[in-house]
Amino acid sequence: ENLRHEVLFDPVVRDLLERDFDAFVEISPHPVLTYGLEETVEDTGADAVVLSTLRRDSGSLTDFFTALATAQVHGVDLDGDALYPGAPDRHYALPTYPFQHRHYWPRRSGAAAGNAELAGLRTTAHPLVSTVVELPNSDSVLLSGRVSLEECPWLADHAVLGTVLLPGTAFVELAATAAGHTGCDRVDELTLAVPLILQQGVAMRVQVVVEAPDADGARPVKVFSLAEDAAEGEPWTLHASGLVSASGTAPVAGTAFEQWPPSGAGEIDVPALYQRISAIGVDYGPAFRGTERAWRRGDEFFAEIALPVEDAAGASLFRLHPALFDAGMHPLVAPEGTGGDGAAALPFTWAGVRLPSAGRAAARVHAVASPGFITLTIADADGTVLAEVERLVSRPVAVDQLSAGRRAAAVSPLTVDWLPLDQEAPAEAVPFRVETVGRTDSARDAVASVLASIQDWLATDGEADSAERFVVVTGNAQAVNSGESPDPAAAAVWGLVRSAQTEHPDRFVLLDVDAELSDVDDVVSAAVAAGEPQVAVRGGVVLVPRVVVDESAVVEPAGFGCDG
């Protein structure tokens, strides 16, 4: 019949497409009709999918199930009972919203308490201060903890002029938390003197001290830090100091923000707001970009703020999460019309701060800008007050203040210094072979020559006698003393041999000299016996490289200026 008459396959497919059939599956051991189907669908412009089941040399059950899954993805209904007789009918709902970029692994909220209880310390769940100590016979309280970007990665999202800082809101939250352990609920005042700079790989010990009350009932509070790897006897840095007290009243609940959004206020373009903030040198990462919507009405600012999902779980561990607290002030950082002409500013003094224990992950904000300071009220959607700030004064900060405030030793400002080799008589002579690199203007030729010698040695004597060392002697390959200019060809040879030293430990020695030596063998013998892989000779003195602290890079922390 097929040979004598028209098959009419194409007209039938076109008719099916006109009747809104939108899925065609060729069930066969190898696709034959699929290509014709695809051409017809493409010619008609129909919205249909063409699928097949198996292919030649790909006919396993897995391939068949893969074809079924492909069909289902394209809208073909499958009979699950036929596929898996007796299996339970399970349905899994897919998200009804676009995929969101979130961290898969939950972020650590802070340092663990460890064995603090075994040391007789009272522990807390606070991410920044994990222990509480009531100091005997002093009516004082000490909170202690550990802060690092590894344990609190969200802190890395708060950078000013390229430097990651512990936010001012964290200092206030720490003061309020410490005050709560003494029965105080109000931070009367807190002045930030020195920024706490956070750097990768550097853990900072943090202590918050609340002292005995004065005659008026106010207690001094201070916040200190010290790098965990600080040398014994290194002084702690005082970052903030002030007073806390017991107000004797509770925040009024359920009255804040009776109308939301506020009437008569114009909405602020939030993406443009963060662009202006970035232009003045304040770089907020995802954890601190908490302003979702904002409005302005004259000198009043309103905002809806929230933490990212991956950080929201840690909100309950704070009275008010520092990132959420910080977001409440963002609409005032760079208002419309300021462009990129402003200057980065940091909180300098706080007054009349109350942080009732809340732990919310989202909130509403009302801020009022007055000449020289701002007031702030943060509440949840029900009107419960989460934070009150009667007065916040900020001060501009310059990049040199932050760069000077870096603790050099904490970031290991190390350098290489060449120190005299302690030459002791070798207990046993070690055999070695010396390869001298002559003066040449071509680094390529010098490296190629040494490489050939190394490869030949490794292939013959080097592998046969593992005790023998291959010593490469160069001239002025390293700037051992100030004012020296290394020879490029010799320096390139050092780079090659250092790679060989990595691949073959304890087999190669580098010797750099400043003049012709008559006793090269004696110097090499001493270096080989001492197990030194790199040696230099200057003025007849045998030197070896050692990593030391660059004292010229160590600077004292700088505080904020108070003169605007």
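Just so we're clear, the structure is a prediction, and the values are computed from it rather than from any experiment.

Engineer: When you look at unusual backbone geometry in this model, what are you seeing that I'm missing?
Structural biologist: Phi is mostly negative for residues that are not glycine, and the peptide bonds are mostly trans. Cis geometry is adopted by the peptide bond preceding Pro261, which originates at Trp260 and carries an omega value of -5°. Counting through the fold element by element, Pro261 comes out in the loop between strand S11 (237-245) and strand S12 (266-268). One non-glycine residue, Leu8, adopts positive backbone phi at about 65°. On the basis of relative accessible area, Leu8 is assigned to the partly exposed category, the value being 45%. Here the phi dihedral of Asn476 falls at roughly 55°; this positive angle occurs in a residue that is not glycine. Within the secondary structure, Asn476 is located in the loop between strand S22 (469-475) and helix H13 (488-503).

Engineer: Explain the packing of helix H11 (residues 443-459) against H13 here, please?
Structural biologist: Helix-helix packing: each pair is described by the crossing angle between the helix axes and the interaxial distance. Closest axis-to-axis distance for the H11/H13 pair is 8 Å, and the angle between their directions is 35°. In this structure, H11 meets H13 at a crossing whose hand is right-handed. On H13, the residues that touch Ala443, Ala446, Val447, Val450, Leu451 and Ile454 of H11 are Pro488, Ala489, Ala492, Val493, Leu496 and Val497. The residue inventory of the contact of H11 with H13, partitioned by class, reads 12 nonpolar, no polar and no charged.

Engineer: Teacher, can you tell me more about the pairing of S22 here?
Structural biologist: Taken residue by residue, a regular strand's side chains alternate between the two faces of the sheet. Here S22 lies mainly inside the structure; six of its seven residues are buried. Pairing of S22 with strand S23 (residues 508-513), which is carried by six bridges, proceeds in the parallel orientation. Looking at S23, one finds that Val472 is bridged to Leu510. Crossover handedness for the path S22 to H13 to S23: right-handed.

Here is what the cut-offs are and how they apply
- Residues numbered from 1 in each chain as written.
- Predicted model: local features only at pLDDT ≥ 70, side-chain atom pairs only at ≥ 80, totals over all residues.
- Heavy atoms only, no water.
- Helix = DSSP H or I, 4+ residues; strand = E, 2+ residues; numbered from the N terminus.
- Buried < 20%, exposed > 50% of the residue type's maximum accessible area, 1.4 Å probe, protein only.
- Axes fitted to C-alpha atoms, helices over the stretch in contact; angles between N-to-C directions.
- Left-handed = near helix turned anticlockwise from the far one by under 90°.
- Contact = heavy atoms within 4.5 Å.
- Nonpolar A, V, L, I, M, F, W, Y, C, P; charged D, E, K, R; others polar.
- Pairing = 2+ DSSP bridges.
- Right-handed = clockwise from strand over helix to strand, strands pointing away.

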